[in-house]
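For reference, the chains in residue letters:
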Amino acid sequence: RAADLGLSVALIERHEKLGGVCLNVGCIPSKALLHAARVITEADEMAERGISFGKAKIDPDALREWKQAVVDRLTGGLATLARQRKVEVIRGEARLSGPRTVVVGGREVSFASASLAAGSSAAMLPELPDDPRIVSSTGALALPGVPKRLLVIGGGIIGLEMAAVYDALGSRVTVVELLDQLIPGCDADLAKPLHRRVSERYEAIHLGTKVESLRPQKGGVKAQLSGGQSATFDLVLVAVGRRPNGHEVGAQAAGVEVDPAGFIPVDRQLRTNVPWIHAIGDLVGGPMLAHKASHEGKVAAEAIAGDTAAEFDPRTVPSVAYTDPEVAWMGLSEVEAREQGVEYEKAVFPWAASGRALTLGRDDGLTKLIFEPASRRLLGAGITGVGAGELIAETVHALEMGADAEDLALTIHPHPTLTETVGFGAEMELGTITDLLAPRRR
């Protein structure tokens, strides 16, 4: 974006390929593996409906090669885009060395303005043994093989996505989460269908539980859990969150403020306390999501190019867990509403009443809409079910446009689709729904 606006741009990247964590060792390779997992589980489920394909034969090497081919195609495209825009790509790890300079492998590069986009790193538990069988999400995505027993430490999005992959590939999966629900931070009713499904598939799910110790042994890694339970696993995935890399960019040399957690405070133009240095993405707090970072990057580039009106001020940033079923939410949640003392009304449409969900054999979902009581303006939404990550976009658009329940209810959705559950949810709010017998609110 900065190059398109006429600026002379250098892009410094410490890894061999462009694209950052999401493209190389995050959302893109994980989604490729999750698609493979979904194909396997769908085939298994169809056996109950009269179509049997037999037991899936897994070739980890071929699966790994396909996943990497997807990544390579996209990273190659980024390199081409950089060349087309005459962006100079400098390989190496950069650190700020002064207010207007960075050092990269002994080379000093000066700049008029800069945008810090150094992202985050996987958080690891203290005092973890150094053992190749204890991995972060990066190691799990490398698909070293299919372990007989997998322990996932952390019941958040990353851990549960990888659990879904390895479960479909044939691993016996155990998930341990310190808090009292899966996907902490999202509304409990959205997480329940996922919990119900994986409870039937996984070896064990331990909520409110801590991993006290991990001890490598000849036959695996022995995990001691709080409450006295212990078990031995062939592979352990540590997925307890991510930490920003704010302390690793040499910020002090340029006078850039970094808080103790590693976040860099910025204004709506993504400007740090040093006016010509901006920061975006995981460095600046908020949801650590690639789509947020991309929009912030464009705003920062426009601000640097002199657009005084450019601001990052979205009404919402959607979140998606690409689990099975998927869990997606945006805007105000019920948890946030209660914490903030915000009055709200909610309308929930169960997918058990959706013709499309029934034809897919997946009626375990729900669509929830949250409205302001007086105006019935949409404040938030949550969707759990197959394809929830695609469906949530309509509600994001509706919130950004200031839509109310009537706008959504009067939007004619194609039938039968899962998208019409959004319209049905709005009809639930208005009391006009005919697909269910629901009490009128007014």
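Just so we're clear, the structure is a prediction, and the values are computed from it rather than from any experiment.

Rules behind the numbers
- Residues numbered from 1 in each chain as written.
- Predicted model: local features only at pLDDT ≥ 70, side-chain atom pairs only at ≥ 80, totals over all residues.
- Heavy atoms only, no water.
- Helix = DSSP H or I, 4+ residues; strand = E, 2+ residues; numbered from the N terminus.
- Rg over C-alpha atoms; globule rule 2.2 N^0.38 Å.
- Buried < 20%, exposed > 50% of the residue type's maximum accessible area, 1.4 Å probe, protein only.
- Contact = heavy atoms within 4.5 Å.
- Lys, Arg positive; Asp, Glu negative; His and termini not counted.
- Charge placed at Lys NZ, Arg CZ, Asp CG, Glu CD.
- Polar contact = N/O pair within 3.5 Å; in protein donor to acceptor, adjacent residues only side chain to side chain.
- Axes fitted to C-alpha atoms, helices over the stretch in contact; angles between N-to-C directions.
- Parallel < 35°, antiparallel > 145°, perpendicular 65-115°, else oblique.
- Left-handed = near helix turned anticlockwise from the far one by under 90°.
- 1 Å grid on protein atoms, 1.4 Å probe; cavity = no way out; pocket = protein on both sides within 12 Å on 5 of 7 lines; lining within 4 Å.
- Points joined across faces, edges and corners; volume = space filled by probe spheres on them.
- Nonpolar A, V, L, I, M, F, W, Y, C, P; charged D, E, K, R; others polar.
- Pairing = 2+ DSSP bridges.
- Expected span 1.5 Å × (residues − 1).
- Disulfide = S-S within 2.5 Å.
- Salt bridge = Lys/Arg side-chain N within 4 Å of Asp/Glu carboxyl O.
- Phe/Tyr/Trp six-rings, centres within 6.5 Å; stacked < 30°, edge-to-face > 60°.
- Lys NZ or Arg CZ within 6 Å of the ring centre and 35° of its normal.

Trainee: What exactly am I supposed to notice about the overall build of the protein chain here?
Mentor: Helix and strand counts for the protein chain stand at 13 helices and 22 strands. Scaling as 2.2 N^0.38, a compact globule of 442 residues should have a C-alpha radius of gyration of about 22 Å, and the protein chain matches this with 24 Å. When its C-alpha atoms are laid out on the principal axes, the protein chain stretches across 65 × 60 × 45 Å. In the protein chain, buried positions account for 46% of the 442 residues. Contacts spanning at least 24 positions in sequence make up 62% of the contacts within the protein chain whose residues lie at least 6 apart. One way to put it: in the protein chain the 47 positive side-chain charges average out to a point 5 Å from where the 57 negative ones average out.

Trainee: Even after reading the chapter, I still don't get the side chain of S121, so can you show me in this structure?
Mentor: Locating S121 in the fold gives a position in strand 7 (residues 120-122). The class for S121 is buried, based on a relative accessible area of 17%. At a separation of 2.7 Å, a polar atom in the side chain of S121 contacts the side chain of N245. The contact partners of S121, leaving out residues within four places of it in the chain, are G241, R242, R243 and N245.

Trainee: Help me out: how do you make sense of the packing of helix 2 (residues 27-46) against helix 3 (residues 60-84) in this one?
Mentor: It is at 9 Å that the axes of helix 2 and helix 3 come closest, and there the two elements cross at 140 degrees. Relative to helix 3, the element helix 2 lies oblique. In this structure, the crossing between helix 2 and helix 3 has a hand that is right-handed. Contacts between helix 2 and helix 3 involve I28, P29, A32, L33, H35 and A36 on the former and, on the latter, L63, W66, K67, V70, V71 and L74.

Trainee: Would you mind showing me how to read empty space enclosed by the protein here?
Mentor: With a probe scaled to a water molecule rolled over the atoms, the places where space remains empty come into view. Under the counting rule described, the total for this entry stands at 2 cavities of 30 Å³ or more. Taken together, the residues that form the lining of the largest cavity break down as 5 nonpolar, 2 polar and 1 charged. For the second largest cavity, the calculated volume is near 40 Å³. Forming the walls of the second largest cavity are D187, L190, W329, M330, G331, L332, S333, K368, I370, A381 and G382. Counting only elements with at least two residues in the lining of the second largest cavity, the list comes to strand 19 (326-331), strand 21 (366-371) and strand 22 (378-385).

Trainee: Whenever I open this one, the sheet that holds strand 14 (residues 230-233) confuses me. Can you help?
Mentor: Strand pairs in the sheet, formed through backbone hydrogen bonds, run parallel or antiparallel to each other. Reading across from one edge, 12-13-14 is the order of the 3 strands in this open sheet, with antiparallel pairing throughout. Each having just a single partner strand, strand 12 (211-217) and strand 14 make up the two edges of the open sheet. Shown here is a sheet whose adjacent strand axes are inclined to one another by a mean of 20 degrees, direction ignored. Both strand 12 and strand 13 (residues 220-225) contribute to a ladder of 6 bridges, which runs antiparallel. Bridging from a neighbouring strand, P216 pairs with V221 of strand 13.

Trainee: Teacher, can you tell me more about the layout of surface pockets here?
Mentor: The volume enclosed by the second largest pocket comes to roughly 370 Å³. Forming the walls of the second largest pocket are 23 residues, and the residues nearest its centre are L34, R38, Y322, T323 and D324. Among the elements of the structure, helix 2, helix 5 (157-169) and helix 6 (188-201) are those that each provide at least two residues to the lining of the second largest pocket. Considering every element that reaches the lining of the second largest pocket, the biggest residue donor is helix 2, with 7 residues. Here the residues of the lining of the second largest pocket are counted per class, giving 10 nonpolar, 5 polar and 8 charged.

Trainee: Mind showing me how you'd approach helix 3 here?
Mentor: Three- or four-residue spacings in an α-helix give side chains the same orientation, since the helix completes a turn every 3.6 residues. Here helix 3 spans 36 Å end to end across 25 residues, near enough to the 36 Å set by a 1.5 Å rise per residue. For helix 3, the complete set of buried residues consists of L63, K67, V71, T75 and A82. Those residues of helix 3 that are buried lie in contact with helix 1 (20-25), helix 2, strand 2 (88-91), helix 4 (137-141) and helix 5. Directly after helix 3, the chain includes K86, whose backbone phi takes a positive value near 60 degrees.

Trainee: What should I look at first to understand the state of the cysteines in this one?
Mentor: Disulfide: a covalent bond formed between the sulfur atoms of two cysteine residues. Tallied over the entire structure, the rule returns 1 disulfide. C27 provides the cysteine sulfur closest to C186, a residue in no disulfide bond, and the two sulfurs are 19 Å apart. Residue class for C186 comes out buried when judged on its relative accessible area of 2%.

Trainee: What is the right way to look at the environment of A204 in this model?
Mentor: Relative to the helices and strands, A204 is located in strand 11 (residues 204-207). Between the C-alpha atom of A204 and that of L151, which follows or precedes it by 53 residues, the distance is 9.5 Å.

Trainee: In this structure, what is going on with the environment of D259? I would like to understand it.
Mentor: Relative to the elements of secondary structure, D259 occurs in the loop between helix 7 (251-254) and strand 17 (277-279). Residue classification places D259 among the partly exposed residues on the basis of a relative accessible area of 25%. In this structure, the C-alpha to C-alpha distance between D259 and I158, residues 101 residues apart in sequence, is 25 Å.

Trainee: Whenever I open this one, the pattern of salt bridges confuses me. Can you help?
Mentor: Pairs may arise between side chains of opposite charge once their charged atoms sit close together. If you walk through the whole model with that rule in mind, you get 30 salt bridges. A single network of salt bridges, built from pairs that share partners, joins R38, E42, E45, R197, D324, R362 and D364.

Trainee: It is not clear to me how the packing of aromatic side chains should be interpreted in this structure. Could you clarify?
Mentor: Any two aromatic rings considered together are summarised by their centre-to-centre distance and by the angle between their planes. Going through the model one piece at a time under the given rule, you end up with 1 aromatic pair. Judged by centre distance (4.9 Å) and plane angle (40 degrees), the rings of F349 and F424 are tilted. Taken as a pair, F349 in strand 20 (residues 345-350) and F424 in helix 13 (residues 420-430) lie far apart in primary sequence, 75 residues in all. Directly above the aromatic system of W276 lies the positively charged group of R100, at a separation of 3.9 Å from the ring centroid. Of note, R149 hangs over the ring of F233, and the distance from its end group to the ring centre comes to 4.9 Å.

Everything listed here is a matter of coordinates, which is why it stays silent on function.
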